[in-house]
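Each chain, written out:
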Amino acid sequence: MSDETVQASEAGEPVAEIVAPAPVVLEPKIDESGRTYATGKRKDAVARVWIKPGTGALTVNGRSGEVYFARPVLRMVLSQPFQVTERVGQYDIVCTVAGGGLSGQAGAVRHGLSKALSLREPDLRPVLKKAGMLTRDSRIVERKKYGKRKARRSFQFSKR
């Protein structure tokens, strides 16, 4: 110890103590209607998702999920967050989705569902994070460049 520290402790001045931070307890985010809201994005699609406890009914833009997402692959994409967290059939889902195609919209709804689940039950966040469901897939269509036919495809070269 240096002389200054000894003098400070003898003079009765307070010495700084290291205090461990208190553990953070995450509160679920539930509105007055009992719903949890999240936004999901994929390609050009943006989905607004509300979940609440229920029987597993899915409503997309006012239509049932089976009608809106007719392909089985798209419905499988939507069920992934619930299968990973073992919550199949426990929540009713209402979502509005705009932009992009059906595949991008299904990815956006999946992203929104994952975020809403992690907000409603914070203990599920590590499981969803490990499965890669909370990460926004940032891949979008590359823009077309001038002098090219598409983003990278050139016009056919003719020597003669």
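The text that follows walks through the structure, step by step, so that each part is easy to find. Chains are numbered independently. Their residues run from 1 in the order of the written sequence. Totals for whole chains, interfaces and linings use all residues, but because this is a predicted model, local features are given only for residues with pLDDT of at least 70 and pairs of side-chain atoms are given and counted only at 80 or more. Where side-chain values are given, they derive from all heavy atoms of the structure, hydrogens and water being excluded.

**Remarks on the overall build of the protein chain**
Heads up, the condition is: Labels follow the DSSP assignment, with helices taken as runs of H or I lasting at least four residues and strands as runs of E lasting at least two, numbered in each case from the N terminus. A radius of gyration in this sense is built from C-alpha atoms; the matching globule rule multiplies 2.2 Å by the number of residues raised to 0.38. Exposure classes here rest on a 1.4 Å probe applied to the protein chains alone. A residue is buried below 20% of its type maximum, exposed above 50%, and partly exposed in between. Where accessible areas are quoted, they stem from the Shrake-Rupley method and a 1.4 Å probe; at the residue level, only the protein chains shown are allowed to cover. Residues scored as charged are limited to Lys and Arg (positive) and Asp and Glu (negative), so that His and the chain ends carry no count. Working definition for charges: the position is that of NZ of Lys, CZ of Arg, CG of Asp or CD of Glu.
Within the protein chain, the secondary structure is distributed over five helices and five strands. Expected size for 160 residues packed as a compact globule is a radius of gyration near 15 Å; at 26 Å, the protein chain overshoots this value by more than 25%. Taking the principal axes of its C-alpha atoms as reference, the protein chain extends roughly 90 × 60 × 25 Å. Within the protein chain, buried positions represent 29% of all 160 residues. Within the structure as shown, the protein chain displays about 11400 Å² of accessible surface, and the carbon and sulfur contribution to it stands at 54%. Counting 29 positive and 16 negative side-chain charges, the protein chain places the centres of these two groups 27 Å from one another.

**Notes on the pattern of salt bridges**
Defined as follows: The salt bridge criterion pairs a side-chain nitrogen of Lys or Arg with a carboxyl oxygen of Asp or Glu, the two atoms within 4 Å.
Across all of its chains, the model carries six salt bridges by this definition. A salt bridge links R35 to D31; its shortest N-O distance comes to 3.5 Å. Assessed through its relative accessible area of 32%, R35 is described here as partly exposed. The partner of R42 in a salt bridge is D137, and the shortest N-O contact between them spans 3.6 Å. You can see R42 sitting in strand β1 (residues 36-42) and its partner D137 sitting in the segment after α5 (125-130), a full 95 residues away along the chain. Judged by relative accessible area, which is 18%, R42 ranks as buried. For D137, a relative accessible area of 23% corresponds to the partly exposed category. Several salt bridges share partner residues, and in doing so they unite R42, D137 and R139 into one network.

**Let's talk about the packing of aromatic side chains**
Defined as follows: The criterion for an aromatic pair is that two Phe, Tyr or Trp rings (for Trp, the six-membered ring) have centres within 6.5 Å, with stacked assigned to planes under 30 degrees apart, edge-to-face to planes over 60 apart and tilted to the rest.
If you walk through the whole model with that rule in mind, you get three aromatic pairs. Ring geometry for Y68 versus F69: centroids 5.0 Å apart, planes at 80°, classification edge-to-face. Note on Y68: relative accessible area 13%, which makes it buried. Since its relative accessible area comes to 0%, F69 is described here as buried.

**Re the pairing of strand β5 (residues 91-98)**
As a reminder of what qualifies: Any two strands between which DSSP finds at least two bridges are classified as paired.
Judged from the eight bridges that link them, strand β2 (residues 45-53) and β5 form a sheet pairing that is antiparallel. Residue pairing for β5: V46 is matched across the bridge by A98.

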